[in-house]
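# Reading the structure
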Amino acid sequence: MEKQEMNNRKEACNMALLALTIPLSIIALAIAKAKTKINIINVTEAESKTTDNIDDMDKPKSSEQIESERRAVYCFGTMRLLEKKRKTLRFFNKTNKFIGLSIPICLSLSLVSAKDLPIISTIMPIFPYITFILNIYILVISVWALIAEWDAKIENYTDSISNNMQYYKIFKEIAERYNENPTEYAAKFKETILLDDTQRKQDGRGDFSPKDHRFITRQGSHQLQFKCVDCNKIPDIKNPGTCRNCGK
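Figured I'd write up the structure that's included with this text. (Residues numbered from 1 in each chain as written. Predicted model: local features only at pLDDT ≥ 70, side-chain atom pairs only at ≥ 80, totals over all residues. Heavy atoms only, no water.)

## Looking at the overall build of the protein
When helices and strands are tallied, the protein shows 6 helices and 0 strands. When its helices and strands are written in sequence order, the protein yields α-α-α-α-α-α. Residues classed as buried in the protein amount to 28% of the 248 residues present. Partitioning the intrachain contacts of the protein with sequence separation of at least 6 by distance along the chain shows that 68% fall at a separation of at least 24. (Helix = DSSP H or I, 4+ residues; strand = E, 2+ residues; numbered from the N terminus. Buried < 20%, exposed > 50% of the residue type's maximum accessible area, 1.4 Å probe, protein only. Contact = heavy atoms within 4.5 Å.)

## Topic: helix 4 (residues 150–177)
In this model helix 4 runs 40 Å from its N-terminal to its C-terminal C-alpha over 28 residues, within 8% of the 40 Å that 1.5 Å per residue would give. Of the positions making up helix 4, those classed as buried are W150, I154, Y157, S160, I161, N164, Y167, Y168, I170, F171, I174 and A175. (Expected span 1.5 Å × (residues − 1).)

## Overview of the packing of helix 4 against helix 5 (residues 182–203)
Between helix 4 and helix 5, whose axes approach to 10 Å, the crossing angle comes to 150 degrees. Our classification of the angle between helix 4 and helix 5 gives roughly antiparallel. In this structure, the crossing between helix 4 and helix 5 has a hand that is left-handed. Residues S160, N163, N164, Y167, I170, F171, E173, I174 and R177 of helix 4 lie in contact with helix 5, whose contacting residues are Y185, K188, F189, T192, I193, L195, D196, Q199 and D203. By residue class, the composition of the contact of helix 4 with helix 5 is 8 nonpolar, 5 polar and 5 charged. (Axes fitted to C-alpha atoms, helices over the stretch in contact; angles between N-to-C directions. Parallel < 35°, antiparallel > 145°, perpendicular 65-115°, else oblique. Left-handed = near helix turned anticlockwise from the far one by under 90°. Nonpolar A, V, L, I, M, F, W, Y, C, P; charged D, E, K, R; others polar.)

## Quick notes on the pattern of salt bridges
Evaluated as defined, the whole model comprises 13 salt bridges. Where R70 meets E67, a salt bridge forms, and the shortest distance between an N and an O atom there is 2.7 Å. Residue R70 and its partner E67 are located together in helix 2 (residues 63–111), separated by 3 residues, close to a single helical turn. Taking relative accessible area as the criterion, R70 reaches 38% and is therefore assigned partly exposed. Its salt-bridge partner being E67, residue R71 comes within 2.9 Å of it at the nearest N-O pair. Taken together, the positions of R71 and E67, both in helix 2 and 4 residues apart, correspond to about one turn of that helix. A relative accessible area of 6% means that R71 is categorised as buried. Each of the salt bridges in this network shares a partner with another, and the network as a whole consists of E67, R70, R71, D196, D197 and R200. (Salt bridge = Lys/Arg side-chain N within 4 Å of Asp/Glu carboxyl O.)

## Focus: the nonpolar core
Of all hydrophobic cores here, the largest spans 29 residues; its most connected members are W150, Y168, F171 and I174. Mapped by element, the contributors of at least two residues to this core are helix 2, helix 3 (127–148), helix 4, helix 5 and helix 6 (210–224). The element contributing the most residues to this core is helix 4, with 9 residues. The contacts of I174, once residues within four sequence positions are left out, are Q65, S68, Y185, K188 and F189. (Core = buried A, V, L, I, M, F, W, Y, C linked by side-chain atoms within 4.5 Å.)

## Section: the packing of aromatic side chains
Evaluated as defined, the whole model comprises 4 aromatic pairs. Ring pairs connect the aromatic residues F91, F92 and W150, which therefore count as one cluster. Here the basic side chain of K84 rests over the ring of F215, its NZ or CZ set 4.9 Å away from the ring centre. (Phe/Tyr/Trp six-rings, centres within 6.5 Å; stacked < 30°, edge-to-face > 60°. Lys NZ or Arg CZ within 6 Å of the ring centre and 35° of its normal.)

## Description of the side chain of D203
Following the sequence through the fold, D203 ends up in helix 5. In terms of polar contacts, D203 uses its side chain to reach the side chain of S160, at 2.4 Å. Every residue in contact with D203, bar those within four places of it in the chain, is listed here: T78, L82, S160, N164 and F208. (Polar contact = N/O pair within 3.5 Å; in protein donor to acceptor, adjacent residues only side chain to side chain.)

## Some remarks on a nonpolar patch on the surface
Together, F132, I133, I136 and V140 line one region of the surface with nonpolar side chains, adding up to about 400 Å² of accessible area. For I136, the location among the structural elements is in helix 3. (Patch = residues over 30% accessible without salt bridge, like charges linked within 9 Å, V, L, I, M, F, W, Y side chains within 5 Å. Areas by Shrake-Rupley, 256 points an atom, 1.4 Å probe, with all protein chains shown as cover.)

## Regarding the environment of I154
Considering the arrangement of structural elements, one finds I154 in helix 4. Once you skip the residues sitting within four places of it in the chain, I154 turns out to touch R86, L89, R90 and N93.

In short, geometric facts, not functional conclusions.
Here's what the structure looks like:
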């Protein structure tokens, strides 16, 4: 009797497990199908995005993009050139001030008697000559700075460096993202190109030497990793070479 009762319980338990298995299998199958559908949609979207990117790469560059690339090169290169020129002027200004402070010291030493400073008595006679040379140097540099308007140039260079850096970033963005929104970037291009034309006149790019122009091309092309139109190579900053367009 007990054995039969146990068999009945076991059979009832198996039936209950079977009853639970069927709906669970249906649910699992539904989830699997839904997941598969989601994956298919995601793959399709990814493929679509990849295709869009390939299509963008295959699109020929617009005239705005080509001009933006060229302007970005020259804006960055001009910025580097003006930084170099500003650094040179600042060096001469600092040197002039340093020597100006040194002259009173030399004059004082030249007037000190040997008894007061016996250690330097042997070199004291040269201090008047040093003072004279320093005075001549300061006179020449001061007149040169006054005629060439160094202080005004340093201020103009600083403003120009800031503007050229700003225009470089805008032109770079237009060149890279023009196809995303041609209408917006075309308007941005027209606005920026007017500002850059004005800045070019202020920079006096027409007065730059051939060496300056090669420096501009070298710096800008290297920054953007563009090949030179003459040597068909990306310019090397450390070893510029002898290219007539980007060489040293």
